[in-house]
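Residue-level structure breakdown
Single-letter residue listing:
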Amino acid sequence: QVQLVESGGGLVQPGGSLRLSCAASGLTFSSYAMSWYRQAPGKERELVAGITSTGGSTNYSDYVKGRFTISRDNAKNTVYLQMNSLKPEDTAVYYCRARVGRSIVLDYWGKGTLVTVSS
């Protein structure tokens, strides 16, 4: 059974930092592209950052570019999101996603972790 378990969320003041983790099990982690999404109250879920299976390439939304960094450790089956210079508008539930394939796609989501940026 595939599981993606996010952790590291919480309350942080504006300008602060958090590091999210997503621990994967039940899949061949090194084969999967990983990404982080977020969903704020009343808004649609949006892509935050993505990383290829080897970690050789990353991409970021314009809203977080320069502030957030995605990374992965294939030996630990874990993907990370380092979030710096946090803003109140970063408040959201952050989700981890694992995806592999083209004609046949395997696509898994975690249950999310809440990040609240407030003074």
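As shown above, the structure is provided for reference.
My aim in this report is to walk through the structure given alongside it, one point at a time. Model, not experiment: these values are computed from the prediction. (Residues numbered from 1 in each chain as written. Predicted model: local features only at pLDDT ≥ 70, side-chain atom pairs only at ≥ 80, totals over all residues. Heavy atoms only, no water.)

1. Describing the pairing of strand 5 (residues 46-51)
Moving residue by residue along a regular strand, the side chains alternate between the two faces of the sheet. Sheet topology places strand 4 (residues 33-39) next to strand 5; five bridges connect them, and they run antiparallel. Pairing of Met 34 across the sheet is with Ile 51, part of strand 5. Between strand 4 and strand 5, which pair antiparallel and follow one another directly, the connecting turn spans six residues, one of which, Gly 42, has a positive phi of 75°. With three bridges connecting them, strand 5 and strand 6 (residues 58-60) associate as antiparallel partners. Looking at the pairing, Ile 51 lines up with Thr 58 of strand 6. (Pairing = 2+ DSSP bridges. Helix = DSSP H or I, 4+ residues; strand = E, 2+ residues; numbered from the N terminus.)

2. Some details on the pairing of strand 3 (residues 18-25)
Here strand 1 (residues 3-7) runs beside strand 3; their pairing, made up of five bridges, is antiparallel. Looking across to strand 3, one finds that Ser 7 is bridged to Ser 21. Pairing of strand 3 with strand 8 (residues 78-83) involves six bridges; the strand directions are antiparallel. Among the inter-strand pairings, Leu 20 is bridged to a residue of strand 8, identified as Leu 81.

3. Topic: unusual backbone geometry
The general pattern is negative phi for most residues beyond glycine and trans for most peptide bonds. In this structure, Asn 77 is a non-glycine residue whose phi angle is positive, near 55°. Looking at the secondary structure, you find Asn 77 in the loop between strand 7 (68-73) and strand 8. Even without being a glycine, Ser 85 presents a positive backbone phi close to 50°. Structurally, Ser 85 is set in the loop between strand 8 and strand 9 (92-100). Of the residues examined, Ser 85 reaches a relative accessible area of 40% and is grouped as partly exposed. (Buried < 20%, exposed > 50% of the residue type's maximum accessible area, 1.4 Å probe, protein only.)

4. A short note on the side chain of Glu 6
In this structure, Glu 6 sits in strand 1. Buried and unpaired, Glu 6 has Arg 45 as its nearest opposite-charge partner, separated by 7.5 Å. In terms of polar contacts, Glu 6 uses its side chain to reach the backbone amide nitrogen of Cys 96, at 2.8 Å. A polar atom in the side chain of Glu 6 sits 3.2 Å from the backbone nitrogen of Lys 111. Every residue in contact with Glu 6, bar those within four places of it in the chain, is listed here: Ser 21, Cys 22, Trp 36, Tyr 94, Tyr 95, Cys 96, Gly 110, Lys 111, Gly 112 and Thr 113. (Lys, Arg positive; Asp, Glu negative; His and termini not counted. Salt bridge = Lys/Arg side-chain N within 4 Å of Asp/Glu carboxyl O. Polar contact = N/O pair within 3.5 Å; in protein donor to acceptor, adjacent residues only side chain to side chain. Contact = heavy atoms within 4.5 Å.)

5. Digging into the sheet that holds strand 3
Across the sheet, which stays open at both edges, the four strands sit in the order 1-3-8-7 with antiparallel pairing between neighbours. Two strands lie at the open edges of the sheet, namely strand 1 and strand 7, each paired on one side alone. Pairwise comparison of adjacent strand axes, ignoring direction, gives a mean angle of 15° for this sheet. (Axes fitted to C-alpha atoms, helices over the stretch in contact; angles between N-to-C directions.)

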